[in-house]
Amino acid sequence: MKYNKPKTESHIVSQTYPSCLVDLDELIFKEDDSLIEVGSEFDNSTVIDLDGVEILRAQAERRNQKSTMDCTFAISDNSKTEMLLVEFRFNYINLQNLNRNKLIDKVAGSQEILGDSTPINDNNIFIFQKDLKAQAQSRLYRMYPRVPNNYVVMDLDDLKSFF
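The structure contained in this document is the topic of the report that follows. Just so you know, these numbers come straight off a predicted model, no measurement behind them. (Residues numbered from 1 in each chain as written. Predicted model: local features only at pLDDT ≥ 70, side-chain atom pairs only at ≥ 80, totals over all residues. Heavy atoms only, no water.)

**So, the overall build of the chain**
Reasoning step 1: The number of helices and strands found in the chain is 7 helices and 7 strands.
Reasoning step 2: Listed N to C, the secondary structure of the chain is β-α-α-β-α-β-α-β-β-α-β-α-β-α in terms of helices and strands.
Reasoning step 3: Taking 2.2 N^0.38 as the reference for a compact globule, 163 residues should give roughly 15 Å; the C-alpha atoms of the chain span a radius of gyration of 15 Å, in line with that estimate.
Reasoning step 4: Considering only intrachain contacts with a sequence separation of at least 6, the fraction spanning at least 24 residues in the chain is 69%.
Reasoning step 5: A distance of 7 Å separates the average location of the 19 positive side-chain charges in the chain from that of its 26 negative side-chain charges. (Helix = DSSP H or I, 4+ residues; strand = E, 2+ residues; numbered from the N terminus. Rg over C-alpha atoms; globule rule 2.2 N^0.38 Å. Contact = heavy atoms within 4.5 Å. Lys, Arg positive; Asp, Glu negative; His and termini not counted. Charge placed at Lys NZ, Arg CZ, Asp CG, Glu CD.)

Below you can see the structure in the form of structure tokens.
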């Protein structure tokens, strides 16, 4: 399945919160401005900023913000479309600080926002710096209790090549 910009832009959340439709490179640079030096990785890729959506929803409902993944976007093949949840974890130095409950809360909060208008891909993607990818995979594997098997560690190159 590959990135689908028209389906991302036409998703009900994009239509409801058009200000939260953002360029993926800009979102990545917001998460870690040291990556600006790398240059554009995802040419003209638009995603839904789930943190931004949650801020607006929490304000409108006068409640505390829930945890969410950083973004979502549509991926499609010839027969189906799904939304992919992605979280950027660039600023981790000590991976022992990864918290199972926080990761699970992020996925749950994001699924609540997306609802059931478009199926959500089974995999939840967590992006780490390339040099921490193997360590992050090991940490998620060793968590007790375990995180679900569909929590997938990648780096930006993986994200680009898979989707």
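Moving on from the model shown.
**Regarding the pattern of salt bridges**
Reasoning step 1: Per the counting criterion, the structure on display carries 12 salt bridges.
Reasoning step 2: Here Arg57 makes a salt bridge to Glu112, at a shortest N to O gap of 3.8 Å. You can see Arg57 sitting in helix α4 (residues 50-61) and its partner Glu112 sitting in helix α5 (residues 100-114), a full 55 residues away along the chain.
Reasoning step 3: The exposure class assigned to Arg57 is buried, which follows from its relative accessible area of 14%. (Salt bridge = Lys/Arg side-chain N within 4 Å of Asp/Glu carboxyl O. Buried < 20%, exposed > 50% of the residue type's maximum accessible area, 1.4 Å probe, protein only.)

**Some remarks on helix α3 (residues 24-31)**
Reasoning step 1: For α3, the complete set of buried residues consists of Leu24, Asp25, Leu27 and Ile28. Each buried residue of α3 sits inside an arc of 160 degrees when the element is viewed along its axis, so together they form one side. Among the exposed residues of α3, those oriented more than 90 degrees off its buried face are Glu26 and Lys30. (Arc of directions from axis to C-beta.)

**Quick word on the pairing of strand β6 (residues 120-128)**
Reasoning step 1: Along β6, 7 of the 9 residues are buried, which leaves the element largely enclosed by surrounding structure.
Reasoning step 2: Handedness of the crossover joining strand β5 (residues 81-89) and β6 through α5 is recorded here as right-handed.
Reasoning step 3: Of the strand pairs in this sheet, β6 and strand β7 (residues 151-154) are connected by 4 bridges, and their pairing is parallel. Directly across from Ile125, in β7, lies its bridge partner Val152. (Right-handed = clockwise from strand over helix to strand, strands pointing away. Pairing = 2+ DSSP bridges.)

**As for the environment of Asn94**
Reasoning step 1: Tracing the chain through its elements places Asn94 in the loop between β5 and α5.
Reasoning step 2: For the pair Asn94 and Ser79, spaced 15 residues apart in sequence, the C-alpha separation works out to 41 Å.

**Brief notes about the packing of aromatic side chains**
Reasoning step 1: Inspection of every chain in the model, using the stated rule, returns 4 aromatic pairs.
Reasoning step 2: Here Phe88 and Phe90 contribute two aromatic rings whose centre-to-centre distance is 5.4 Å and whose plane-to-plane angle is 20 degrees, an arrangement assigned as stacked.
Reasoning step 3: Taking the relative accessible area as the measure of exposure, Phe88 reaches 3% and is therefore buried.
Reasoning step 4: Considering the side-chain rings of Phe162 and Phe163, the 6.4 Å spacing of their centres and the 45 degrees angle between planes classify their relative orientation as tilted.
Reasoning step 5: The aromatic ring of Phe42 is capped on one face by Lys160, whose charged end is 6.0 Å from the ring centroid. (Phe/Tyr/Trp six-rings, centres within 6.5 Å; stacked < 30°, edge-to-face > 60°. Lys NZ or Arg CZ within 6 Å of the ring centre and 35° of its normal.)

In short, the description is geometric, and any link to function would need to be established separately.
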